[in-house]
Amino acid sequence: MEDLGLRDYQLEVVERAVRGENIIIWLPTGGGKTRAAVFVAKRHLDTTPNAKVAVLVNKVHLVDQHYNNEFRTPLNKYKVVAISGDSEEKNFFGCVVRDSDMVICTAQILQNGLSHTEEEKHVKLTDFTLLIIDECHHTQKDNVYNKIMGHYLKRKIEGERRLPQILGLTASPGTGGGKILDNAVKHVLQICANLDSVIVSTENYKPQLKKVVPRPVKRYDIADKRSQDPFEEHLKSLMSMIHEFMSAEELITFRQFGTQEYEGDVVQLEKIGVMKKNRLLSQCAIHLRKYNDALLINDTVRMVDALRVLEEFYNSKEGFALDGTDLFLSGLFEENHAELKFLAADKRFENPKLVRLEQTLLDQFKALKEDKSDHSPQRESKPPKCIIFSKTRQGTRCLLDWVCANAKLMNANIRAAMLVGAGTGDTHMTQNKQKDTISMFRDNVYNMLISTSVAEEGLDIPECNMVVRYGLLTNEIAQQQARGRARAQDSVYSVVAAEGSREVRREMINEYLEELTSKAVTKVQLMEKVDNLEYRRKIKELQQVAVLSRVMEQTRDKAKRRFAANQVQLCCRECFTPVAHGNDVRVIENSHHVIVNKAFEMYYKVGGQINLGKQFEDWEPGRKIFCAKCRKDWGMEIKFKKVAVLPCIQIKSFSIKTPEDSDLKSYKKWKDVPFPVEEFNFTEYVSSLGFGFDLDSTS
């Protein structure tokens with residue numbers, strides 16, 4: 001049989017899968033996991049009667065990427081269909097599965113199909129003979145992969161024998177937060193149990209793998225500490241004034257300004273303010289969080305960037321004051337704006353990390369340019385490419401502005417673009433824009449991407465000569481995935497950080513955790529080979545616990561919905577105005593929560609048109625909506641089936657009043673609200689507006 005050009009180490013890791021066993025392939029980023037999966041899928045389709053394969057991914061853009069770049073051509077004699085939330089086929093998922101040999105889809109679409117009762121949408125796990133799960137280390141806790149495997153494990157324990165074969169793919173299972181070997185082993189065993197699989201890696205061809213995926217040279221490019229920072233000091237003095245104004249020290253022990261921990265403190269304070277309907281606390285918390293954002297940006301990029309964040313925030317509040325709290329907070333910034341602007345313009349106190357980053361980039365691009373000019377046959381001649389990873393969308397935008405304004409970097413012919421996650425905000429990108437940016441990076445229109453974690457995992461990004469981690473605190477999995485982007489020969493992986501910083505300490509801890517992951521996987525593999533009975537016993541025990549836990553969780557979820565929908569009030573999270581009841585809410589496709597009561601319109605105003613950069617079958621985005629009283633962003637209008645214009649609200653913009661007590665409750669996700677939400681009935685809604693349908697009449 002055709003081996004699709006697989007290398008020896010790839011053929012080694014797929015051996016057990018070809019024999020029909022459930023396995024997790026553990027290979028580094030760039031090691032060819034997906035190609036190995038294509039090989040297994042082709043062999044499975046060629047040799048298994050009535051074979052049907054599902055390839056599951058965790059991000060929408062990976063559906064088309066896997067279809068176009070990996071599976072379509074090698075499997076051209078089979079019917080392969082790509083389905084995502086953007087596809088009309090999702091509404092007939094059951095029919096598409098029955099008519100296809102392979103579907104490539106987001107995991108949520110399969111999960112929806114397993115839950116649906118309509119024949120056109122419903123599927124069973126037993127409809128499939130092979131499930132391929134990309135980035136399978138996410139198969140834990142409440143992740144959708146784990147929900148799908150929850151169905152699988154329940155059926156397995158019940159004695160079902162026609163379950164599909166499982167093939168998981170990962171560059172690192174991680175340690176699950178474990179800091180010692182025993183805990184890391186428990187985590188790897190849990191992943192294996194959740195996927196009902198053994199974890200395999202190459203044993204006989206490690207030198208070949210190392211040659212194919214060379215490890216980049218790692219550098220710590222350490223910046224000097226700021227000797228003085230009057231801009232930061234002034235911001236902190238304003239924050240202290242807000243603390244004095246609100247007097248909340250007895251409620252929370254606040255940690256250091258300008259840290260993630262302090263951000264957590266003010267988030268908690270805002271929740272307390274909402275719960276007690278105390279605008280003084282909730283609004284001060286919101287403004288303190290914005291000042292803290294400015295401190296974090298000042299620590300990462302330029303003072304002018306930090307000031308711009310505050311200016312944009314206060315511009316959005318201009319001309320609006322609901323009470324004395326708003327007057328104090330806006331007035332405090334206005335009184336100090338000129339001084340902050342003066343300090344931000346003082347180049348003597350600019351960020352030394354940017355000086356270090358500038359030198360790192362110039363040195364590398366100069367070295368790559370010189371390397372490119374060496375035309376000896378022994379040397380590859382590839383254009384330089386670099387990715388800078390930053391923590392936030394806001395941070396990436398600020399870094400891009402800095403690069404584009406930097407004459408030295410422009411003279412070095414650095415052409416940068418931003419790559420961030422999809423969404424509707426100012427700092428988000430549409431999926432089409434993401435694709436265009438990556439395509440232009442591949443075609444050398446851009447030679448530098450400044451990216452959030454969206455570029456770490458899964459995206460088909462060409463190999464880079466340099467990866468820079470800038471101001472990041474992440475886990476060992478993210479670190480390995482970022483490093484895996486530096487796959488060109490003699491590539492560099494640089495950590496740019498201040499001397500003695502938390503970023504440097506975290507990077508060193510991640511190196512230890514990466515080694516710990518490797519030891520844990522090796523120990524689990526040894527257990528499976530040497531003491532198979534004990535291995536199977538542990539896996540079975542973990543699976544039984546997982547199934548029982550899920551049953552208990554479902555019982556708790558039902559108990560959560562303890563109030564009738566008409567007993568619950570929805571209030572604006574910022575001004576606490578009651579605007580709707582729970583029985584005014586309907587859910588469309590288990591995704592969009594809309595208000596069907598026309599009286600709701602009196603409580604909101606509309607803003608600009610939302611553009612998501614893509615089309616949907618049944619609905620289209622409309623205008624932004626926000627509270628008529630306090631301007632809180634509530635969501636957007638959607639036009640459903642080209643007829644019904646409905647306010648689609650986000651639960652995080654509201655607080656909930658129940659009959660239980662006078663306190664307001666806050667929820668991040670609709671699934672956690674304490675009342676049931678009915679499905680949206682289009683015919684019923686249109687009839688309620690006075691448009692009748694006589695389904696029995698004929699024309």
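Parameters and conventions
Residues numbered from 1 in each chain as written. Predicted model: local features only at pLDDT ≥ 70, side-chain atom pairs only at ≥ 80, totals over all residues. Heavy atoms only, no water. Helix = DSSP H or I, 4+ residues; strand = E, 2+ residues; numbered from the N terminus. Rg over C-alpha atoms; globule rule 2.2 N^0.38 Å. Buried < 20%, exposed > 50% of the residue type's maximum accessible area, 1.4 Å probe, protein only. Contact = heavy atoms within 4.5 Å. Areas by Shrake-Rupley, 256 points an atom, 1.4 Å probe, with all protein chains shown as cover. Lys, Arg positive; Asp, Glu negative; His and termini not counted. Charge placed at Lys NZ, Arg CZ, Asp CG, Glu CD. Pairing = 2+ DSSP bridges. Axes fitted to C-alpha atoms, helices over the stretch in contact; angles between N-to-C directions. Expected span 1.5 Å × (residues − 1). Phe/Tyr/Trp six-rings, centres within 6.5 Å; stacked < 30°, edge-to-face > 60°. Lys NZ or Arg CZ within 6 Å of the ring centre and 35° of its normal. Parallel < 35°, antiparallel > 145°, perpendicular 65-115°, else oblique. Left-handed = near helix turned anticlockwise from the far one by under 90°. Core = buried A, V, L, I, M, F, W, Y, C linked by side-chain atoms within 4.5 Å. Nonpolar A, V, L, I, M, F, W, Y, C, P; charged D, E, K, R; others polar. pLDDT = per-residue confidence, 0-100.

Draft legend 1. Broad picture of the overall build of the protein. Looking only at helices and strands, one finds 21 helices and 24 strands in the protein. Relative to the compact-globule value of 27 Å for 699 residues, the protein shows a C-alpha radius of gyration of 27 Å, a close match. Dimensions of the protein, computed from C-alpha atoms along their principal axes, come out at roughly 80 × 75 × 55 Å. Counting every position in the protein, which comprises 699 residues, the buried fraction comes to 52%. Contacts in the protein between residues at least 24 apart in sequence constitute 70% of all its contacts with a sequence separation of at least 6. Carbon and sulfur atoms make up 49% of the accessible area of the protein, which totals about 32900 Å². Each charge class in the protein can be summarised by its mean position, and for the 102 positive and 97 negative side chains these summaries are 2 Å apart.

Draft legend 2. Layout of the sheet that holds strand 11 (residues 448-451). Strand order across the open sheet formed by six strands is 8-13-12-9-11-10, with parallel pairing between neighbours. Across the chains shown, the open sheet's two edge strands, defined by having one partner strand only, are strand 8 (217-223) and strand 10 (416-419). For this sheet, the mean angle separating the axes of adjacent strands, direction not counted, is 20°. Running over the sheet, helix 17 (residues 431-442) touches strand 9 (386-389), strand 10 and strand 11 and is turned about 145° from strand 10. On top of the sheet, helix 18 (residues 476-483) reaches strand 8, strand 9, strand 12 (466-470) and strand 13 (492-498); it is set at about 150° to strand 12, its chief contact.

Draft legend 3. Highlighting helix 3 (residues 61-71). Considered for burial, the residues of helix 3 that qualify are H61, L62, V63, Q65, H66, Y67 and F71. Those residues of helix 3 that are buried are in contact with helix 2 (33-47), strand 2 (53-57), strand 3 (80-83), strand 4 (102-106), strand 5 (130-133) and helix 17.

Draft legend 4. Layout of helix 15 (residues 393-404). With twelve residues, helix 15 should cover 16 Å at 1.5 Å per step; its first-to-last C-alpha distance of 17 Å lies within 8% of that length. By the burial criterion, the buried members of helix 15 are G395, T396, R397, C398, L399, L400, W402 and V403.

Draft legend 5. Representation of the packing of aromatic side chains in the model. One pass over the full model with this rule turns up twelve aromatic pairs. Following the ring pairs from residue to residue traces out a cluster consisting of Y291, F313, Y314 and F333. Above the plane of the ring of F441 lies K385, whose end atom (NZ or CZ) is 5.6 Å from the centre.

Draft legend 6. Expanded view of the sheet that holds strand 2. Pairing within the open sheet is parallel, and its seven strands lie in the order 3-4-2-5-6-1-7. At either end of the open sheet lies a strand with only one pairing partner, and these are strand 3 and strand 7 (198-200). Sheet twist, expressed as the mean angle between neighbouring strand axes with direction ignored, is 20°. When strand 2 meets strand 5, the two strands line up parallel, connected through four bridges. The partner of A54 across the bridge, within strand 5, is L131. Packed on one face of the sheet, helix 3 meets strand 2, strand 3, strand 4 and strand 5 and runs near 145° to strand 4.

Draft legend 7. Broad picture of the packing of helix 9 (residues 230-246) against helix 13 (residues 324-344). At their nearest, the axes of helix 9 and helix 13 sit 10 Å apart, and the two run at 170° to each other. Here helix 9 lies roughly antiparallel to helix 13, going by the angle between them. Classified by chirality, the crossing of helix 13 by helix 9 is right-handed. In this structure, helix 9 uses P230, F231, H234, L235, L238, M241, I242 and F245 to contact helix 13, whose residues at the interface are T325, F328, L329, L332, N336, E339, L340, L343 and A344.

Draft legend 8. Highlighting the nonpolar core. Within the largest apolar cluster, 85 residues are counted, with the highest numbers of intra-cluster contacts made by I25, F71, F93, M102, L110, I132 and L167. Once you skip the residues sitting within four places of it in the chain, L110 turns out to touch L56, F93, C105, V123, F128, L131 and I148. Core analysis: the second largest hydrophobic core is formed by 83 residues, Y291, A294, C398 and L409 among them.

Draft legend 9. Highlighting the packing of helix 1 (residues 8-18) against helix 2. Helix 2 packs onto helix 1 with a crossing angle of 35° between their chain directions and a minimal axis gap of 10 Å. As for the relative orientation of helix 1 and helix 2, their crossing is right-handed in sense. Contacts from Q10, L11, V14, A17 and V18 in helix 1 reach R35, A36, F39, V40 and R43 in helix 2. In terms of residue class, the contact of helix 1 with helix 2 is made up of seven nonpolar, one polar and two charged.

Draft legend 10. Structural view of the pairing of strand 15 (residues 578-581). In terms of strand pairing, strand 14 (residues 569-572) meets strand 15 through three bridges, oriented antiparallel. Within strand 15, the position partnered with Q569 by the bridge is H581. Linkage of strand 14 to strand 15, two consecutive antiparallel strands, is achieved through a turn of five residues, within which F576 is found at a positive phi near 70°.

Draft legend 11. View of the confidence of the model for the protein. Put simply, the protein has an average pLDDT of 91, and 95% of its residues get 70 or more. In the predicted structure, residues 695-699 sits below a pLDDT of 50 and forms zero contacts with residues beyond four places in sequence or in another chain.

Draft legend 12. Fine view of the environment of E515. Tracing the sequence through the fold places E515 in helix 19 (residues 502-530). Looking at E515, the relative accessible area reads 46%, which means it is partly exposed. For the pair E515 and G174, spaced 341 residues apart in the sequence, the C-alpha separation amounts to 9.9 Å.

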